[in-house]
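# Understanding the architecture of this molecule
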Amino acid sequence: MKIIRWGILGLGKIANSFATDLQQVEGSVLYAVASRSQEKADHFGAEYNATQCYNSYEQLVKDPNVDAVYIATPHVRHHQDTLLCLQHKKAVLCEKPFAMNRKQVEEMITTAQANNTLLMEALWTRFMPHYKFVQQELESGRYGTVKTLAADFCFEAEFNPEGRLFNKALGGGSLLDIGIYPIFCALALFGKPDHIEAKAKIGKTGVDEETEMTFKYNSGISAFLSSSILKKTPTTATLVCEKGMLILNSRFHQTDKVTTILEGTKIEHDFAYTGKGYYFEIEHFAELLRQEKKESPLMSYAFSRLLISTLDEVRELINLQYA
Ligand SMILES: NC(=O)c1ccc[n+]([C@@H]2O[C@H](COP(=O)([O-])OP(=O)(O)OC[C@H]3O[C@@H](n4cnc5c(N)ncnc54)[C@H](OP(=O)(O)O)[C@@H]3O)[C@@H](O)[C@H]2O)c1
């Protein structure tokens, strides 16, 4: 098995989770890390056994030993950091949201194609066993038609106008950070909605602190979706169908428990996994790279385009613009 040597750009919270899970993936190693600070890079590199610790993102992408780069910087940097990697022919796994808007995503895809390089959005839920199970259950037809999806992703964040959640210059707000997960659920299971309604609470830093959305489909499905960084909610996803229900238990985007109720019979399904849940996307990406694939069939460009276009549409409805 070809060993995939990974690099990470931006050594914050999620980079730690990713590096932890990477240690469990056979055939993948953390080779290099890059931070804007040498001290931080050295510290992170020592903790996760990286061979190279750089104090600039440019140095990491110039390292010929790096096969794949995981981009873990704030949303507003995803576009520029992805282009930097692709221009150096590094395969890119970029955190969600893929970029700030559709225009940026198009440029990222065009650059990946021009450089014949693999690029994928790191929406980890897509690769997790519980989500795959739910998709298969619905596709089986046993539940009959879906009537509603209700999905919330909310938590109470400490107010910090400088931190990336409330800072508009860093792409702050609930929609792009966590609203993307309920939206992902609706789009992945039902496709593009025929009609979208949305309203938001815009806070004093100018970002959406809460957003509520309704997606309507001509087939009759309604999806009620919400995100908030002001309050804690169960963070579950419930699908009500003609003949039963599927409940993705808390927190639905990474859960190991799904409850199904089909014609009166309730079953608890357990998808226990080790690690934090990033294992599945890492393994998928590494395998694509080994097979010299340039696009993921599971997280395709078409899906990333649909996702970012939907985020753009919701932002227009709630009048949320970023520079
Ligand atoms: N998939 C998931 O479960 C998940 C979970 C959380 C976050 N995310 C995504 O991952 C990305 C990072 O989130 P995070 O929570 O890890 O953020 P974070 O803790 O703030 O880390 C972001 C890192 O980006 C680097 N950076 C570069 N330019 C920066 C700037 N101008 N301001 C601040 N940091 C800058 C910093 O690393 P250096 O100082 O080392 O350069 C920083 O530590 C976000 O896009 C988010 O949506 C995904």
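Residues numbered from 1 in each chain as written. Predicted model: local features only at pLDDT ≥ 70, side-chain atom pairs only at ≥ 80, totals over all residues. Heavy atoms only, no water.

## Structural notes on the packing of aromatic side chains
Scanning the entire structure with this criterion turns up 14 aromatic pairs. Relative to Phe-271, the ring of Phe-133 has its centre 5.0 Å away and its plane inclined at 45°; by these criteria the two rings are tilted. Placement of the pair is Phe-133 in helix H6 (residues 129-139) and Phe-271 in the loop between strand S14 (265-270) and helix H8 (279-290), with a sequence separation of 138 residues. In this pair, the class of Phe-133 matches that of Phe-271, namely buried. For the ring pair Phe-153 and Phe-252, a centre distance of 6.3 Å and an interplane angle of 70° mean the geometry is edge-to-face. (Phe/Tyr/Trp six-rings, centres within 6.5 Å; stacked < 30°, edge-to-face > 60°. Helix = DSSP H or I, 4+ residues; strand = E, 2+ residues; numbered from the N terminus. Buried < 20%, exposed > 50% of the residue type's maximum accessible area, 1.4 Å probe, protein only.)

## Thoughts on the site of the ligand
Taken together, 23 residues lie near the ligand, and Ser-35, Lys-40, Tyr-57, Lys-96 and Tyr-278 sit nearest. Separating an oxygen atom of the ligand from a backbone N or O atom of Gly-12 is a distance of 3.3 Å. Here an oxygen atom of the ligand sits 2.9 Å away from a polar atom, N or O, in the main chain of Lys-13. Burial of the ligand by the protein amounts to 84% of the accessible area it has alone, namely 890 Å². Among the elements of the structure, helix H1 (13-22) and helix H7 (174-190) are those that each provide at least two residues to the shell around the ligand. A class-by-class count of the residues in the shell around the ligand yields nine nonpolar, six polar and eight charged. (Near = heavy atom within 4 Å. Polar contact = N/O pair within 3.5 Å; in protein donor to acceptor, adjacent residues only side chain to side chain. Areas by Shrake-Rupley, 256 points an atom, 1.4 Å probe, with all protein chains shown as cover. Nonpolar A, V, L, I, M, F, W, Y, C, P; charged D, E, K, R; others polar.)

## A short note on the sheet that holds strand S13 (residues 257-262)
Pairing between sheet strands relies on hydrogen bonds along the backbone, with the strands arranged either parallel or antiparallel. The strand order across the open sheet formed by eight strands is S8-S9-S10-S7-S11-S12-S13-S14, and the pairing between neighbours is mixed. Edge positions in the sheet fall to strand S8 (195-202) and S14, since each has one partner strand and no second. Pairs of neighbouring strands in the sheet enclose a mean axial angle of 10°, with direction left out of account. Taken together, the five bridges between strand S7 (residues 146-154) and strand S11 (residues 237-241) define a ladder with antiparallel strand orientation. In the strand pairing of S11, Val-146 is matched with Cys-241. Against the sheet, helix H9 (residues 301-317) touches S8 and strand S9 (208-216), its axis set at about 60° to S8. (Pairing = 2+ DSSP bridges. Axes fitted to C-alpha atoms, helices over the stretch in contact; angles between N-to-C directions. Contact = heavy atoms within 4.5 Å.)

## Quick word on the sheet that holds strand S3 (residues 52-54)
Sheet architecture is open: six strands sit in the order S3-S2-S1-S4-S5-S6, paired in parallel fashion. The strands lining the two open edges of the sheet, one partner per strand, are S3 and strand S6 (119-122). Here the average twist between neighbouring strands, direction ignored, is 25°. As paired strands, strand S1 (residues 4-9) and strand S2 (residues 28-34) are joined by six bridges and run parallel to one another. Directly across from Ile-8, in S2, lies its bridge partner Val-33. Of the strands in this sheet, S1, S2, strand S4 (68-71) and strand S5 (91-95) are in contact with H1, which crosses S1 at around 165°.

## A few points about the UniProt feature "domain: GFO/IDH/MocA-like oxidoreductase" (unreviewed entry) in the chain
UniProt annotation of "domain: GFO/IDH/MocA-like oxidoreductase" (unreviewed entry) refers to residues 133-246 when read in the numbering used here. A distance of 10 Å separates the end C-alpha atoms of residues 133-246, which is 21% helix and 36% strand. (UniProt positions renumbered as here; feature names shortened; annotations may be inferred.)

## A closer look at the domain arrangement of the chain
Along its sequence, the chain is organised into domain 1 (4-124 + 277-292) and domain 2 (129-272 + 307-317). For domain 1 versus domain 2, the distance between C-alpha centres works out to 26 Å. Contacts between the two partners involve 14 residues from domain 1 and, on the opposite side, 18 residues from domain 2. Buried area between domain 1 and domain 2, summed over both chains or domains, comes out near 1400 Å², and the portion from carbon and sulfur atoms is 68%. The three residues of domain 1 that bury the most area against domain 2 are His-75, Leu-123 and Trp-124, which together make up 37% of that side's buried surface. Applying the counting criterion to the domain 1 and domain 2 interface returns one salt bridge. (Domains from an automatic or database assignment. Buried area = accessible area lost by both parts, 1.4 Å probe. Salt bridge = Lys/Arg side-chain N within 4 Å of Asp/Glu carboxyl O.)

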